[in-house]
Amino acid sequence: MIRISNKVFYLGTNDRKKFLFENNWPLPNGVAYNSYIIADEHTALIDTLEYGSNPDYLSDIDACLGGRPLEYLIVNHMEPDHSSMIGEVLRRYPQVRIVANSKTFKILESYYPVPSENILQVGDGSRLELGHHSLLFVLTPWVHWPETMMTYDTADRILFSCDAFGSFGTLDGGVFDDEVNFSFYEDEMRRYYSNIVGKWSGMVRKAFKKLEGVPVDIICPSHGIIWRTDPGKVLSLYDKWSRYESEKGVVIAFASMYGNTEKFADSIARALAVRGIKDIRVHDASRTHASFILSDIWKYKGLILGSCAYNTGMHPMMQLLVHEISVSAPSGKVLGIFGGSSWNASGSKALMEFAAGAGMPVVGNAPIEFLGRPYPEDIGKIEAFADKFAEELGK
Ligand code: FEO
């Protein structure tokens, strides 16, 4: 039993079995599902776990309650990684009142029908008194589902933020921010942000606005570490990411069938390095999952995409990457495009169409292209492009 404050406990678990989060995003470091319980004069569970992730979950709840009934289950978010134990909780505690907003109940009905006597609907600014603890509900729609809300405990100034401020990666012993080396979680948090939340950055800004002036001592997200020592750190990272602020560096992502487009990517990387750009990440889109490339794209200001021609378009793995870029829509990028061809330049042409569709201006005399393999005479094109790109990046 891990205590967060006098009457508030952590009831999370690690998932090291799931291969892909949402059956889409790789989990090489697993993921943690966090649930919380407040054992006050009245008792409340805040979000549940993914079904099957912890066979001891219900007995852990029992242990925290010490034989008392569970009175409230607060549902901040309906995605099944947090809600799929609701049915089991209802069976164990048939009197429990499920506390959620109207949008949540609509989704809840479609997943796990709940008797009307178990429903306690709340709205933006509603309160629930538990004794010492007083809970305030803050609707934060589209961070990242329409029904998403946060629960704020005004007594201990704890924000139960659901997916916001969460990360991939299991909690390997350390549960609190002061118990871990954050550099690992920062990468996994940015990957989570760019993959799951980034598309909704505008709604994140609205949530920030709503929480302006609210004193927060502890942040309890639904994935990843709990912030009890330096919550300002994660608030400032989210502030930066949701504003699309990035660092001076470049992601070069290429798709190459036989290595010629890769050679071009390496030549561009070299040309940028000699112009003083120290953070350059070259990714093979066929080897590195879009999840990780997207995370680097969120981190760095420069983005250069290159594809060989493939049938009449770009390579399928580059197609997948640009699809994810279109969905998450990172803003403020300095974009370059290149491509090679055997008989036409359909790869670079398709990338230009992607950029136009996404409203992303392309640097230089775009695209830079080569026929067959890159020859020494192509180097001039690369040098001219690198000059322009480095200049744009420095602005
Ligand atoms: Fe962690 Fe949107 O669920």
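Cut-offs applied
- Residues numbered from 1 in each chain as written.
- Predicted model: local features only at pLDDT ≥ 70, side-chain atom pairs only at ≥ 80, totals over all residues.
- Heavy atoms only, no water.
- Helix = DSSP H or I, 4+ residues; strand = E, 2+ residues; numbered from the N terminus.
- Buried < 20%, exposed > 50% of the residue type's maximum accessible area, 1.4 Å probe, protein only.
- Contact = heavy atoms within 4.5 Å.
- Areas by Shrake-Rupley, 256 points an atom, 1.4 Å probe, with all protein chains shown as cover.
- Axes fitted to C-alpha atoms, helices over the stretch in contact; angles between N-to-C directions.
- Parallel < 35°, antiparallel > 145°, perpendicular 65-115°, else oblique.
- Left-handed = near helix turned anticlockwise from the far one by under 90°.
- Nonpolar A, V, L, I, M, F, W, Y, C, P; charged D, E, K, R; others polar.
- Phe/Tyr/Trp six-rings, centres within 6.5 Å; stacked < 30°, edge-to-face > 60°.
- Lys NZ or Arg CZ within 6 Å of the ring centre and 35° of its normal.
- Arc of directions from axis to C-beta.
- Expected span 1.5 Å × (residues − 1).
- Disulfide = S-S within 2.5 Å.
- Pairing = 2+ DSSP bridges.
- Polar contact = N/O pair within 3.5 Å; in protein donor to acceptor, adjacent residues only side chain to side chain.
- Patch = residues over 30% accessible without salt bridge, like charges linked within 9 Å, V, L, I, M, F, W, Y side chains within 5 Å.
- Salt bridge = Lys/Arg side-chain N within 4 Å of Asp/Glu carboxyl O.

Undergrad: For this particular structure, what's the right way to read the overall build of the protein?
TA: Each helix and strand counted, the protein has 12 helices and 22 strands in total. Among the 395 residues that make up the protein, the fraction classed as buried is 55%. Partitioning the contacts of the protein with sequence separation of at least 6, the portion at a separation of at least 24 is 72%. Summed over all atoms, the accessible surface of the protein reaches about 16,400 Å², with 51% contributed by carbon and sulfur.

Undergrad: Explanation requested: the packing of helix α8 (residues 260-273) against helix α12 (residues 376-394) in the structure shown.
TA: Angle between the axes and distance between the axes are the two parameters that describe a pair of packed helices. Remark: α8 packs on α12, axes separated minimally by 9 Å, with the N-to-C direction vectors making an angle of 50 degrees. Here α8 is positioned oblique relative to α12, judged by the angle of their axes. Pair α8 / α12 crosses with right-handed handedness. Judged by residue contacts, Phe264, Ser267, Ile268, Ala271 and Leu272 of α8 engage Asp378, Ile382, Glu383, Phe385, Ala386, Phe389 and Ala390 from α12. When grouped by side-chain class, the residues that make up the contact of α8 with α12 number 9 nonpolar, 1 polar and 2 charged.

Undergrad: Which parts of the structure should I look at to understand the packing of aromatic side chains?
TA: Each aromatic ring pair is characterised by the separation of its centres together with the angle its planes make. In total, this model carries 19 aromatic pairs according to the counting rule given. Each ring, one from tyrosine 193 and one from tryptophan 298, has its centre 5.8 Å from the other, and the planes form 75 degrees; the classification is edge-to-face. With tyrosine 193 in helix α5 (residues 182-197) and tryptophan 298 in helix α9 (residues 290-299), this pair connects stretches of sequence that are 105 residues apart. With respect to class, tyrosine 193 is no different from tryptophan 298; both count as buried. Put simply, the rings of Phe165, Tyr193, Phe208, Tyr238, Trp241, Tyr244 and Trp298 touch in pairs and so form one group of aromatic residues. Directly above the aromatic system of phenylalanine 208 lies the positively charged group of arginine 205, at a separation of 5.5 Å from the ring centroid.

Undergrad: So what exactly am I meant to see when it comes to helix α1 (residues 57-65) here?
TA: Spacing of three or four residues puts side chains on the same side of an α-helix, whose turn is 3.6 residues. What α1 keeps buried is the set Tyr57, Leu58, Ile61, Cys64 and Leu65. For α1, the arc enclosing every buried residue in end-on projection is 120 degrees, short of the 170-degree limit, so these residues lie on one face. Looking at the packing, one finds that the buried side of α1 touches β2 (8-10), β7 (36-39), β8 (43-46) and α3 (86-92).

Undergrad: Looking at this structure, I do not really get α8. What am I missing?
TA: The end-to-end C-alpha separation of α8 is 20 Å, in line with the 20 Å expected for 14 residues at 1.5 Å each. Taken as a whole, α8 has its buried residues at Thr261, Phe264, Ala265, Ile268, Ala269, Ala271 and Leu272. Taken around the axis of α8, the buried residues stretch over an arc of 165 degrees, which confines them to a single face. Looking at the buried side of α8, the elements it contacts are β17 (247-255), β18 (280-284), β19 (300-310), β21 (334-341), β22 (368-371) and α12.

Undergrad: Hey, could you run me through the state of the cysteines in this one?
TA: As used in these notes, a disulfide is a covalent bond between sulfur atoms, one from each of two cysteines. This model, assessed by the stated rule, comprises 0 disulfides. With no disulfide of its own, cysteine 64 lies closest to cysteine 220 among cysteine sulfurs, the gap being 13 Å.

Undergrad: Please explain the pairing of β22 as it appears in this structure.
TA: A regular strand places its side chains on the two faces of the sheet in alternate fashion. Covered by surrounding structure in β22 are Ile368 and Phe370 only, the residues Glu369 and Leu371 on the alternate face being uncovered. Where β21 lies against β22, 4 bridges are found, and the strand directions are parallel. Bridge pairing links glycine 340 to phenylalanine 370 in β22.

Undergrad: What's the story with the side chain of asparagine 34 in this structure? I'm lost.
TA: Looking at where asparagine 34 falls in the secondary structure, it is placed in the loop between β6 (31-33) and β7. Reaching out from asparagine 34, the side chain makes a polar contact with the side chain of tyrosine 36 at a distance of 3.3 Å. At a separation of 2.8 Å, a polar atom in the side chain of asparagine 34 contacts the main-chain carbonyl oxygen of glycine 224. The residues contacting asparagine 34, other than those within four sequence positions of it, are Tyr10, Gly12, Thr48, Leu49, Leu171, Pro221, Ser222, His223 and Gly224.

Undergrad: How do you make sense of the environment of phenylalanine 264 when you look at a structure like this?
TA: Here phenylalanine 264 is to be found in helix α8. When its relative accessible area of 0% is taken as the criterion, phenylalanine 264 is described as buried. In the structure, phenylalanine 264 is positioned 76 residues away from glycine 340 in sequence and 8.4 Å away in space, judged by C-alpha atoms. When neighbours within four sequence positions are excluded, phenylalanine 264 is seen to be in contact with Phe338, Ile368, Glu369, Phe370, Pro374, Asp378 and Ile382.

Undergrad: Mind showing me how you'd approach the sheet that holds strand β13 (residues 134-139) here?
TA: Two orientations exist for strands paired in a sheet by backbone hydrogen bonds: parallel and antiparallel. Strand order in the open sheet formed by 5 strands is β12-β13-β14-β15-β16, with mixed pairing between adjacent strands. At either margin of the open sheet sits one strand with a lone partner, and together these are β12 (127-129) and β16 (218-221). Between one strand axis and the next, the sheet turns through 20 degrees on average, direction left out of account.

Undergrad: What is the right way to look at a nonpolar patch on the surface in this model?
TA: A cluster of nonpolar side chains, contributed by Met257, Tyr258 and Tyr310, occupies part of the molecular surface with about 370 Å² of accessible area. Take tyrosine 310: it is sitting in strand β19. Among the residues examined, tyrosine 310 registers a relative accessible area of 32% and is labelled partly exposed.

Undergrad: Honestly, the pattern of salt bridges in this entry has me stumped. Any pointers?
TA: As a working rule, side chains carrying opposite charge can pair if their charged atoms are close by. Evaluation of the coordinates by the stated rule reveals 21 salt bridges. A salt bridge links glutamate 179 to arginine 228, with the nearest nitrogen and oxygen atoms 3.7 Å apart. One end of the pair, glutamate 179, is in the loop between β15 (158-162) and α5; the other, arginine 228, is in the loop between β16 and α7 (231-242), and 49 residues separate them in sequence. Residue arginine 228 is classed as partly exposed on the basis of its relative accessible area of 35%. A cluster of three or more residues bridged by salt bridges with shared partners is formed by Asp178, Glu179 and Arg228.

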